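Report on the structure
Here's the letter readout for the chains.
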Amino acid sequence: MSQSLTLLAGPDALRILRERGLRAEDVDILPGASGGPKWLGLEGIDRVLFGEFLQQPRTRPLHLIGSSIGSWRLACLAQKDPVAALRRFADAYLEQRYPVKPPPSLVSEVSATVLEALLGPDGAEQILTHPWARLHVVTTRCKGLLASEQSSVQLAGFVLGALANAVSRRTLGLYMERVVFHTAGDASPFAGLKDLPSVHRPLTRDNLRPALIASGSIPLVLAGVHDIPGAPAGTYRDGGVVDYHLDVDYGAGDGLVLYPHFYPYVVPGWFDKSLKWRRAGPLNFRRALIITPSPAHLARLPGGRIPDRSDFTNMKAEDRIRAWKQVLTEGDRMADELRELLATGRIADHVQAL
C-alpha cells in the first residue's frame, strides 16, 4: 500500500488503469476544488502532475476546471512552466499578512497581488494561447441579497440560501447562477451542464484576471467582483459557493478524470460542508482517479491536518508561515512516491475502488 497517498478510482477508471496503467494521453479532464490554504497540502502532487507527467506530448486538449483556489492552481498548469508558477504562487500565498478582522477590500487587494505573482509577467497570455490546456474558471453570479456588499445584508442572503439548499441543492438557482469562463471555445465538455443555471463565456485578456479574482472571492471575506467584461452584469463571488468540490457531469468520454484532491470524498457545494449526508455519489466519478494525501501523511503534518483558513486567525503569522512551509516540505514525500508509481507503472496495484 502507498504510504503517503490514497488512490481511489471509479469503475471506468479502474478498467482503464488495469488495462494500460496511467498514461498522460488518457487524461481528458483535471478538476481543482475550492479550499483556500488546503491547496498547500497538494503542492507536491501538483508539482509532479503539472510539471512532469502532464507535460508529455498530447494530441488532444486537456480540460482544466477549477473553482476558487482550484482555478488558481490550474492557472499554474496552463502556463509554460507550471512548477515555476506554483513556486511563485506558494511564496506569495505564504507571505499574506492581515490585521485582526481585515476589511474585505484589504483581503481582495492582497489576493490580487498573490494572483499577479502567480501569473508573472506573461502568464495570462500563456494561459489564453496554451497549445493544449483549456482552462475553465468557475464563478458564482449572485442575485438579490447575496449581491450586496453590506455584510449584514449579504449574510442574511446566505442564511436564506443555506436553509433552502438544505432542502434541495437545486434551490441554489433562486439565489445564484454558475458562470464559467473558459478557453475551450465550442469544445467545452461542460457546455451542457443542467444541474443548476449555468452561463458560459470565453476567457479573454479583459476578463481573465477579474474572473480568477471572482472565483476566489470568499463571501464576507473578500469583496465581490462587479460586472466582469464579456459576462452578464452583476456581482461575482467564489465559484466554490456553487461548486465546492466540483460534483458535476464530466461526460461519457473514453479518457480519465484525474483529480488531485484534499479529501477522499467530494462535497458538492459550499453550503453542503456541514451537511454530512450531502456527499457526491458515484455517478459523476465513474471515470475519475482521485489522488489524495493518506491518513499517514496527514498525521505527519502540523496539527495532523492540512492547512485551512482558520490558520489566519488562530495562529501568529510567523507560526502559520513556519507550519505551512513544513506542509510544503512534507509534500516532497507525496511527490517522490507519486513519481515512483508513475515510473514503475504500478498505479493500478495501489488503487482502491471509489
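As the structure is a prediction and not an experimental result, all values here were calculated from the model.

1. Concerning the nonpolar core
In this structure, L64, F89, F181, Y250, L289 and I291 are the most contacted members of the largest nonpolar core, which totals 103 residues. Top element by residues in this core is helix 11 (residues 317-344). It accounts for 9 residues. For L64, the residues in contact, after removing those within four places along its chain, are L30, L74, L77, A78, A133, R134, L135 and H136.

2. Thoughts on the layout of surface pockets
Considered as a void within the structure, the largest pocket measures approximately 730 Å³ in volume. Forming the boundary of the largest pocket are 29 residues, of which Y98, V107, V221, R309 and F312 lie nearest the centre. Of all the secondary-structure elements, those providing two or more residues to the lining of the largest pocket are helix 3 (69-77), helix 5 (104-119), helix 10 (311-314) and helix 11. For the lining of the largest pocket, the element with the highest residue contribution is helix 5, accounting for 4 residues.

3. Observations concerning unusual backbone geometry
Of note, the phi angle at S68 is positive, near 55°, even though the residue is not glycine. In this structure, S68 sits in the loop between strand 3 (62-67) and helix 3. Positive phi, close to 55°, is recorded for D227, a residue that is not glycine.

4. Some remarks on the pattern of salt bridges
The tally for this structure, following the rule as stated, stands at 29 salt bridges. Across the salt bridge formed by D332 and R47, the nearest N and O atoms sit 2.8 Å from each other. Here D332 is found in helix 11, whereas its partner R47 is found in helix 2 (residues 43-51), with 285 residues between them in sequence. Look at D332 and you get partly exposed, because its relative accessible area is 32%. One network of salt bridges, in which partners are shared, links R15, E19, R20, R23, E25 and D26.

5. Observations regarding the packing of helix 4 (residues 82-94) against helix 5
What describes two packed helices is the angle between their axes and the distance between those same axes. In the contact formed by helix 4 and helix 5, the axes pass within 7 Å of each other and the chain directions differ by 155°. The orientation of helix 4 relative to helix 5 falls into the category roughly antiparallel. Judged by the sense of rotation from one axis to the other, the crossing of helix 4 with helix 5 is right-handed. Across the interface between the two elements, A85, R88, F89, A92 and Y93 of helix 4 pack against V114, A117, L118 and L119 of helix 5. For the contact of helix 4 with helix 5, the residue count by class is 8 nonpolar, no polar and 1 charged.

Cut-offs used in this document
- Residues numbered from 1 in each chain as written.
- Predicted model: local features only at pLDDT ≥ 70, side-chain atom pairs only at ≥ 80, totals over all residues.
- Heavy atoms only, no water.
- Core = buried A, V, L, I, M, F, W, Y, C linked by side-chain atoms within 4.5 Å.
- Buried < 20%, exposed > 50% of the residue type's maximum accessible area, 1.4 Å probe, protein only.
- Helix = DSSP H or I, 4+ residues; strand = E, 2+ residues; numbered from the N terminus.
- Contact = heavy atoms within 4.5 Å.
- 1 Å grid on protein atoms, 1.4 Å probe; cavity = no way out; pocket = protein on both sides within 12 Å on 5 of 7 lines; lining within 4 Å.
- Points joined across faces, edges and corners; volume = space filled by probe spheres on them.
- Salt bridge = Lys/Arg side-chain N within 4 Å of Asp/Glu carboxyl O.
- Axes fitted to C-alpha atoms, helices over the stretch in contact; angles between N-to-C directions.
- Parallel < 35°, antiparallel > 145°, perpendicular 65-115°, else oblique.
- Left-handed = near helix turned anticlockwise from the far one by under 90°.
- Nonpolar A, V, L, I, M, F, W, Y, C, P; charged D, E, K, R; others polar.

Read these as geometric descriptors, not functional statements.
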